[in-house]
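Coordinate inspection notes
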Amino acid sequence: MVGPVVSLDNLTLGYRRHPAVHHVTGSFAPGSLTAIAGPNGAGKSTLLKALAGELKPLSGRIRLDGVRRRDIAYLPQLAAIDRTFPMTVLDLVALGAWRSAGLFGAIGKADMARVLRAIETVGLGGFEARTVGTLSGGQLQRALFARVLVQDAKVILLDEPFAAIDQHTTSDLLAILQRWGSEGRTVIAVLHDHEAVRAHFPQTLLLARECVAWGATAEALNAEHLLEARRMCEAFHDDAAVCAA
Amino acid sequence: MIYDLLIAPFAEDAAMRHALAACIALAFGGAPIGVFLVLRRTALIGDALSHAILPGVAIAFVFAGFSLLWMTVGGVLAGLAVALLAGATARLTPVKEDASLAAFFIISLAIGTLLVSAFGTDEDLLHVLFGKVRELTPQAVLTIASIATGSMAILALIYRPLIAECFDPGFLRSAGRAGALVHAVFLSLVVLNLVGGFQALGTLMAVGLMMLPAVTARFWAETAGGQIAVAVGLTVAAAVTGLLASFHAATQPEASIVLVAGVFYVVSLAVGPRDSIAARLIRLRHLEA
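Attention here is on the structure that accompanies the text. (Residues numbered from 1 in each chain as written. Chains lettered and ligands numbered in written order. Predicted model: local features only at pLDDT ≥ 70, side-chain atom pairs only at ≥ 80, totals over all residues. Heavy atoms only, no water.)

1. Quick look at the nonpolar core
Rules: Among buried residues, the Ala, Val, Leu, Ile, Met, Phe, Trp, Tyr and Cys ones that are joined through side-chain atoms within 4.5 Å form a nonpolar core. Only protein chains enter the accessibility calculation, which uses a 1.4 Å probe. A residue is then buried if its area is under 20% of the maximum for its type, exposed if over 50%, and partly exposed in between. Each helix corresponds to a stretch of at least 4 residues labelled H or I by DSSP, and each strand to a stretch of at least 2 residues labelled E; elements are numbered beginning at the N terminus. Source of the domain bounds: an automatic or database domain assignment. Any pair of residues with heavy atoms lying within 4.5 Å of one another is described as a contacting pair.
Ranked by internal contacts, the top residues of the largest apolar core, which has 104 residues, are A:Phe145, A:Leu158, A:Leu177, A:Trp180, A:Phe201, B:Phe36 and B:Leu49. Here the element with the most residues in this core is helix H9 (residues 178-217) of chain B; it accounts for 14 residues. Structurally, this core is a two-domain feature, drawing no fewer than three residues from each of domain 1 (1-67 + 154-245) and domain 2 (79-152) of chain A. Non-local contacts of A:Phe145, meaning those with residues more than four positions away in its chain, are made with A:Leu75, A:Val122, A:Leu158, A:Pro161, A:Phe162, A:Leu173, A:Ile176, A:Leu177 and A:Trp180. By size, the runner-up hydrophobic cluster in this structure holds 25 residues, among which are A:Val6, A:Leu8, A:Ile36 and A:Leu207.

Okay, here's the thing in structure tokens:
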């Protein structure tokens, strides 16, 4: 049994001293598919942001084993992208070839072949010259998945990848997720649809600011845990006492 | 006839040749920068930075007299200080880039005004600030051309990460630490090109030549590369036309050049092939797929 690739060690994350993720400990095994589930405001996106290295822990730490920060691909929610930018699908996906081409180097034949293959894999063949502004939400998400494919990352973080995406696209993209898992990549995805989680993700972290359950999906998403997650208090208090733990 | 109208002014007047050479250099250096400023939705940053370099130029003038070298150095230093402070503030605090730039360039302007009023002013100073494209020395043309050459080389180097930074800054952040560096280099290029432009056109008109063709280009080309090509071409065309107008009709040359670029913009806005008013009004029959 190989050790975990990412582990959380009594991790607390938050903003302006208020915790959004409170004392979470656990680990992600290499090649595992883990869904992060929980109500709105549970700290799911915050946890992903911290795993991507964009947010420093308030306390505790995130340990990476055998992967470097640059081996982590992070796909935030769609809103972060400037869709009016005059960039073609080919250019967008080619950004994923970043690591082999470097910041300034040319993209070689082999990389370009990988880019074209990735575009084909996500079902966007023929869209290479289209600008991103002309894509639908689902097509853009396919293109971003193609970029992750090209990135060849060992750990893949996805923040609500199927929000506002239709059934057909979702099942195509889920197939890609499964493939990533079988290739030994670690996939961590924030998801709201519990049915999809049960069907496609063997592992689940149920988060409600605190860790409610973390383990096999069927067990983590049982009625008792879901009820407990729903009772989470969303409010922050300005006069909250300093956490003793 | 055509020779007299279009060629002779440049063939027979060395000052016109110098002006043309300087403007062509400015086109290749500044127009791509302008396109990126537009793509980053920071079109007004050029304006703010041109105000920021002005005190540096004025201070250099006060202490070193009418020296092209020192005024260039002063302008670059003042502009870089403001641009990098503002850029760093925007990255490290929740203050947005435009707001922090607005704060710093006003401070720079106030310091400059204070120093100039304390140490005396001169008629020549106004001359410097408003440019004199038809009185450029070969040395000034060389300075402008050097800045443009360096700027193009650096831009070519950071082209891809810069595009990535504009389009999806989060991706660049997750891919490494390059974002902040690219951002700083780009802001430095804006300052450098404005300093190059001020020697020819004055600080205020230099912004016009950088931004007008860049804004116009989006009505003609779809990709960033295409927009840059169009913007460079439009800048050269505006320079030639504006200089000829100033020669034949004795109009103020700097304003003429910028005004021609302005005419290009209004015409493109009206009838350009992409997203113009005409393109919106004329409805071609829709396609099958």
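2. Some details on helix H3 (residues 45-64) of chain B
All names here are of chain B. Applied cut-off: Every helix has an expected span of 1.5 Å times one less than the residues it contains.
Between its first and last C-alpha atoms H3 spans 29 Å; for 20 residues at 1.5 Å apiece the expected length is 28 Å, and the two agree. Taking burial as the measure, the 20 residues of H3 include 14 buried ones, the bulk of the element. Downstream of H3 by one or two residues, Gly65 has phi in the positive range, about 75°.

3. Comments concerning the side chain of A:Thr131
As for its placement among the helices and strands, A:Thr131 is situated in the loop between helix H4 (109-121) and helix H5 (137-151). If we ignore the near neighbours within four places in the chain, the residues touching A:Thr131 are A:Met87, A:Thr88 and B:Glu222.

4. Things to note about helix H11 (residues 253-271) of chain B
Residues spaced three or four apart along an α-helix point in a common direction, a consequence of the helix completing one turn every 3.6 residues. Along its 19 residues, H11(B) runs 27 Å from first to last C-alpha, staying within 8% of the 27 Å computed at 1.5 Å per residue. Burial in H11(B) covers these residues: B:Pro253, B:Glu254, B:Ser256, B:Ile257, B:Val258, B:Val260, B:Ala261, B:Gly262 and B:Ser268.

5. Some details on the interface of chain A and chain B
For clarity, the cut-off: By convention, the term buried area covers the 1.4 Å-probe accessible surface removed from two parts as they join, with the contributions of both added. Criterion for a salt bridge: a side-chain nitrogen of Lys or Arg within 4 Å of a carboxyl oxygen of Asp or Glu. Polar contact is defined as a pair of N or O atoms within 3.5 Å, subject to the rule that within protein one atom must be able to donate a hydrogen and the other to accept it, and that residues adjacent in sequence are counted only when both atoms are side-chain atoms.
With 27 residues of chain A in contact, the opposing surface of chain B contributes 22 residues. Buried surface at the junction of chain A and chain B, both sides included, amounts to about 2,200 Å², of which 64% is carbon and sulfur. Among the salt bridges present, the one from B:Asp168 reaches A:Arg147, with a minimum N-O distance of 2.8 Å. Our count for the contact surface shared by chain A and chain B stands at 3 residue pairs in polar contact (both at pLDDT 80 or more).

6. Digging into the packing of aromatic side chains
To keep things clear, this is the line we draw: For Phe, Tyr and Trp, rings pair up if their centres lie within 6.5 Å, where Trp contributes its six-membered ring, and each pair is then called stacked (planes under 30 degrees apart), edge-to-face (over 60) or tilted (otherwise). Charges are assigned to positions over rings by a cutoff of 6 Å between ring centre and Lys NZ or Arg CZ, combined with an angular limit of 35 degrees from the ring normal.
Summed over the entire model, instances satisfying the criterion amount to 6 aromatic pairs over all chains. An angle of 55° between the planes, with centres 4.9 Å apart, marks the rings of A:Phe28 and A:Trp214 as tilted. One end of the pair, A:Phe28, is in strand E2 (residues 18-28); the other, A:Trp214, is in strand E9 (residues 210-216), and 186 residues separate them in sequence. Ring plane angle 55° and centroid distance 6.1 Å describe the contact between A:Phe85 and B:Phe167, whose orientation is recorded as tilted. Of the two residues, A:Phe85 sits in the loop between strand E5 (72-75) and helix H2 (89-94) while B:Phe167 sits in helix H7 (residues 138-167), which places them in two different chains. Of the two residues, A:Phe85 and B:Phe167, neither departs from the other in class, the shared state being buried. Each member of the aromatic cluster is reached from another via a ring pair, and the members are B:Phe36, B:Tyr159 and B:Phe186. Above the face of the B:Phe219 ring, B:Arg218 is positioned so that its terminal group lies 5.8 Å from the ring centre.

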